[in-house]
Structures are given as C-alpha cells and as structure tokens.
Amino acid sequence: MLAAVGAQSTPVRTPAELDAVDALVLPGGESTTMWRLARTFGLLEPLRRRVAAGMPAYGSCAGMIMLADRIEGGVTGQETVGGMDITVRRNAFGRQVDSFEADVDFPALREPERPLHAVFIRAPWVEKVGDGVEVLARATGSDVDASAEKRASARIVAVRQGRLLATSFHPELTADARVHALFLDIVKEA
C-alpha cells in the first residue's frame with residue numbers, strides 16, 4: 001500500500017533501523033506481542049522518544065493501541081509507545097469470530113464523498129479523545145452490531161493528533177490506498 005502511494009518502506013526491528021526512517025507504520029497484529037517484542041529488542045524507549053520528538057506514525061488496529069496513551073481491556077502491565085491522547089478499548093468489537101467489514105464515512109480522505117470500505121479484525125475503538133485529537137471517522141452502531149448498547153452511539157475508529165494517525169481497521173486489506181495516501185501527506189508536511 002505504501003508503494004502504491006509513492007513511499008519507500010523498510011522493516012524496522014532495531015533502534016539503528018528506526019534511526020534511519022523518517023516515519024513509521026505500526027501495523028495490525030497482536031498489541032501485547034508487539035509491546036513485548038519492542039521491549040525485548042530495545043525498541044520501546046527509542047520509539048517513544050521518536051514519536052515524542054514528532055516523527056510521523058500511523059497505527060492500524062494493534063498499531064492504534066500502540067500509539068494510544070491509555071488502554072482499556074489490556075493485559076496486566078501492558079505498555080504502549082503512546083503519543084496520542086486517546087483511550088482505546090482493546091478487542092472492543094469482539095473476538096476473531098466477530099470480525100466484519102463495513103463502509104465508513106471518512107471526510108479527511110481524498111474523494112471524501114466515497115465511503116471507505118473498512119476491515120475490522122478483533123478491532124479496538126477509541127473510548128475517549130483528549131484536546132488536540134481530531135476524530136476522522138466513526139463506525140455507526142447499526143453498522144457493526146445489533147445490540148442496543150452498541151447502537152446507542154457511534155464508535156470512533158479513526159483519529160489524528162498532529163503527525164500521528166490511527167485507525168481501528170485494516171485499510172491494507174483492501175485495494176483502497178486513501179488512508180495510506182493521507183499518511184504520506186502527513187509525512188510530507190513534516
């Protein structure tokens with residue numbers, strides 16, 4: 001997806017590799033495993049320093065959790081890179097069997113009139129946003145679950161705070177590169 005929007009990418013597994021990049025994508029996956037591996041390989045503190053210093057970063061699903069300052073439903077002691085003044089609820093939409101796809105209105109994207117088809121896999125949602133956090137997209141309760149509790153309000157599924165972007169869904173699993181293009185625009189602005 002990054003190549004499709006004109007960005008060159010490389011894996012980052014060490015502090016030296018982190019020092020060599022201008023921006024970072026924290027992908028989907030398992031947030032507790034990502035945290036533990038970042039700690040084991042000496043990347044957690046360098047990641048925190050780079051994000052705090054203004055490095056652009058995009059977090060998708062588990063990556064959103066990694067960029068959040070606060071987690072609900074995390075494992076005991078779970079840490080994040082942080083940087084976004086948000087509280088996320090881990091696995092908020094349910095377990096693997098509750099994964100789903102839905103069209104999401106995302107006005108900050110190119111062609112804002114065209115909904116974004118989003119893939120949610122054990123996805124988090126944003127419970128709370130702080131000052132300076134822009135809500136970019138919501139999944140309406142009627143789109144994602146039939147329960148009255150979840151229909152009561154729309155769930156925040158995309159946010160931006162300065163040079164940080166996060167989505168609770170996986171845009172890389174579709175043919176639509178607009179979220180990655182938005183991130184590349186943020187990188188170019190930086």
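Residues numbered from 1 in each chain as written. Predicted model: local features only at pLDDT ≥ 70, side-chain atom pairs only at ≥ 80, totals over all residues. Heavy atoms only, no water.

Caption draft 1: Local environment of the pattern of salt bridges. Evaluated as defined, the whole model comprises 13 salt bridges. In this structure, Arg 89 engages Glu 72 in a salt bridge whose closest nitrogen and oxygen atoms are separated by 3.9 Å. Residue Arg 89 is found in strand β4 (residues 84-89), and its partner Glu 72 is found in strand β3 (residues 68-72); the two are separated by 17 residues along the sequence. A salt bridge links Glu 189 to Arg 160; the nearest nitrogen and oxygen atoms lie 3.2 Å apart. Here Arg 160 lies in strand β9 (residues 155-161) and Glu 189 lies in helix α7 (residues 178-189), a separation of 29 residues in the sequence. Taking relative accessible area as the criterion, Arg 160 reaches 19% and is therefore assigned buried. (Salt bridge = Lys/Arg side-chain N within 4 Å of Asp/Glu carboxyl O. Helix = DSSP H or I, 4+ residues; strand = E, 2+ residues; numbered from the N terminus. Buried < 20%, exposed > 50% of the residue type's maximum accessible area, 1.4 Å probe, protein only.)

Caption draft 2: Here's a closer look at the packing of aromatic side chains. Under the defined criterion, the tally for this structure stands at six aromatic pairs. Residues Phe 93 and Phe 120 carry aromatic rings whose centres are separated by 5.3 Å and whose planes lie at 65° to one another, so their mutual orientation is edge-to-face. With Phe 93 in the loop between β4 and β5 (100-104) and Phe 120 in strand β6 (residues 116-120), the pair connects residues that are 27 residues apart, well separated along the chain. You can call Phe 93 buried: its relative accessible area is 7%. Through a chain of ring-to-ring contacts, the aromatic side chains of Phe 93, Phe 100, Phe 120, Trp 125 and Phe 169 assemble into a single cluster. (Phe/Tyr/Trp six-rings, centres within 6.5 Å; stacked < 30°, edge-to-face > 60°.)

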